Amino acid sequence: MIVIKFLPYGKQDIGEDDIQKVVNVLKSDFITQGPKIGEFEENLAKYCGSKYAVAFNSGTSALHGAYFAMGLGKNDEIITSPNTFVATSNAALYLNAKPVFVDVESKTGNLDVSKVSEKITEKTKLIVPVHYSGNPVDLKELSEIAEDKGVKIIEDAAHAIGAKYNGEKIGNSRYSEMTIFSFHPVKHITTGEGGAVLTNEQEYYERLLMFRSHGITKNNYINQPDGDWYYEMHYLGHNYRITDLQAVLGLSQLNKLDRFVKRRREIARTYNEAFENNPYFDTISEKKRCQSSYHLFPILLKDKLKDKKREIFTKLRKEGLGVQVHYIPVYLQPFYKNLGFQKGLCPVSEDFYQKEISIPMYPSMTDNDLKYAIEKIYKSMKTFDQD
Ligand SMILES: *Cc1c(COP(=O)(O)O)cnc(C)c1O
């Protein structure tokens, strides 16, 4: 029997110990709003060096909560990158705010900080950088621009838990109001679906807690309470709560995060050595001050091959590599086109999309898997580098 390998671009790493902890919660009295959520939040905040963490039932609801907590609303604009998952800008649309896309850097796929100023208007309330692939945006530079213009920053760090900027963990929100993470299974640690917002501001923290649960509070009442059962709803919130089942998985996974990131960085080093000076594609290198946690390992096809990306992608899949593409520029989606966005808006992001392929990158990849991936990538590139 021929065993055909299939190495996805990313996947979760769940151990027996993780499973046992979830089972224990299932057998306990609290499977939804129990003690594990607070514990997870506390450990997450401590890990990142942040005062508060609020867990949500997805990275998307965390983004929605963070934008809400900032007071984003109608007639406001947010500046963000088109090289991201649709959730980053969708969450602004949920609040009737307008996304404004600023182009990315060709070498990193991150927001081009030098192009931000020219897009800031009276209406700009927020800049949302995405640490693409786990490689931090230059936050110091961005925060200087934001401060100068009186605009706030929220970091979409769905790719970047465990990454460092200036030697400190992403998530400490030193240069921003809030930072969001996702715990979807392709991300570094998972809770099934899940996410979190980190912040150092008590005011945001309190709004986040309420927004996650229908806008309801059990203190700071406007009216006199009728009795001990009393609660009040102040905002139109949602049911964005995470469960104890998920939180305990997150807690368990968080203990493994440093090991996961270490392995991801080892894999990246091996890839970078194997691909050094190759004639087919470039890889992303870390800028000074930035240490990536490598959610993804993007390769960027050189000009001579980028027109063949479709064929190369299919070939890589046939060779057992579950490659993926990150991302179709958000504003090219039909929904965004209907809002009036047009092709050509961010040419670097469109070119990035033409040349990007994400190759396998996850902590349980073995050295053999890695060798296999490198061989198949070279073999596939050679096939298409004939003419
Ligand atoms: C995954 C992701 C999200 C959304 O997170 P979910 O947990 O899937 O809702 C938001 N932004 C970016 C950049 C992501 O990669």
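Caption draft 1: Here's a closer look at the domain arrangement of the protein chain. Domains assigned within the protein chain are domain 1 (16-254) and domain 2 (258-383). In this structure, domain 1 and domain 2 have C-alpha centres spaced 26 Å apart. If you look at the interface, domain 1 gives 40 residues, while domain 2 gives 37 residues. For the pair domain 1 and domain 2, the summed buried area comes to about 3200 Å², and 57% of that belongs to carbon and sulfur atoms. Here Arg289 ties to Asp138 by a salt bridge, and the two come within 3.1 Å at their closest N and O atoms. Counting across the interface, domain 1 meets domain 2 through 24 residue pairs in polar contact (both at pLDDT 80 or more). Among the secondary structure elements, those contributing two or more residues to the side of domain 1 that touches domain 2 are α4 (87-94), β4 (98-101) and β7 (164-165).

Caption draft 2: Broad picture of the layout of surface pockets. Quantified by volume, the largest pocket comes out at close to 490 Å³. Phe85, Val86, Ala87, Lys187 and Tyr327 are, among the 27 residues lining the largest pocket, the residues nearest its centre. For the lining of the largest pocket, the secondary-structure elements that each account for two or more residues are α3 (59-69), α4 and β9 (178-182). Of all the elements, α3 adds the most residues to the lining of the largest pocket, at three residues.

Caption draft 3: Region of interest: helix α13 (residues 367-383). Its 17 residues give α13 an end-to-end C-alpha distance of 25 Å, which sits within 8% of 24 Å, the value for a rise of 1.5 Å per residue. The complete set of buried residues in α13 reads Asp369, Leu370, Tyr372, Ala373, Ile374, Lys376, Ile377, Tyr378, Ser380 and Met381.

Caption draft 4: Focus on unusual backbone geometry. A cis amide bond links His326 to the next residue, Tyr327, at an omega of 5 degrees. Positive phi is not limited to glycine here, since Asn75 has a value of about 75 degrees. As for its placement among the helices and strands, Asn75 is situated in the loop between α3 and β3 (77-80). On the basis of relative accessibility, which here comes to 57%, the residue Asn75 falls in the exposed class. For His214, which is not a glycine, the phi torsion comes out positive at approximately 65 degrees. For His214, the location among the structural elements is in the loop between α6 (202-212) and β11 (216-217).

The rules behind these values
Residues numbered from 1 in each chain as written. Predicted model: local features only at pLDDT ≥ 70, side-chain atom pairs only at ≥ 80, totals over all residues. Heavy atoms only, no water. Domains from an automatic or database assignment. Contact = heavy atoms within 4.5 Å. Buried area = accessible area lost by both parts, 1.4 Å probe. Salt bridge = Lys/Arg side-chain N within 4 Å of Asp/Glu carboxyl O. Polar contact = N/O pair within 3.5 Å; in protein donor to acceptor, adjacent residues only side chain to side chain. Helix = DSSP H or I, 4+ residues; strand = E, 2+ residues; numbered from the N terminus. 1 Å grid on protein atoms, 1.4 Å probe; cavity = no way out; pocket = protein on both sides within 12 Å on 5 of 7 lines; lining within 4 Å. Points joined across faces, edges and corners; volume = space filled by probe spheres on them. Expected span 1.5 Å × (residues − 1). Buried < 20%, exposed > 50% of the residue type's maximum accessible area, 1.4 Å probe, protein only.

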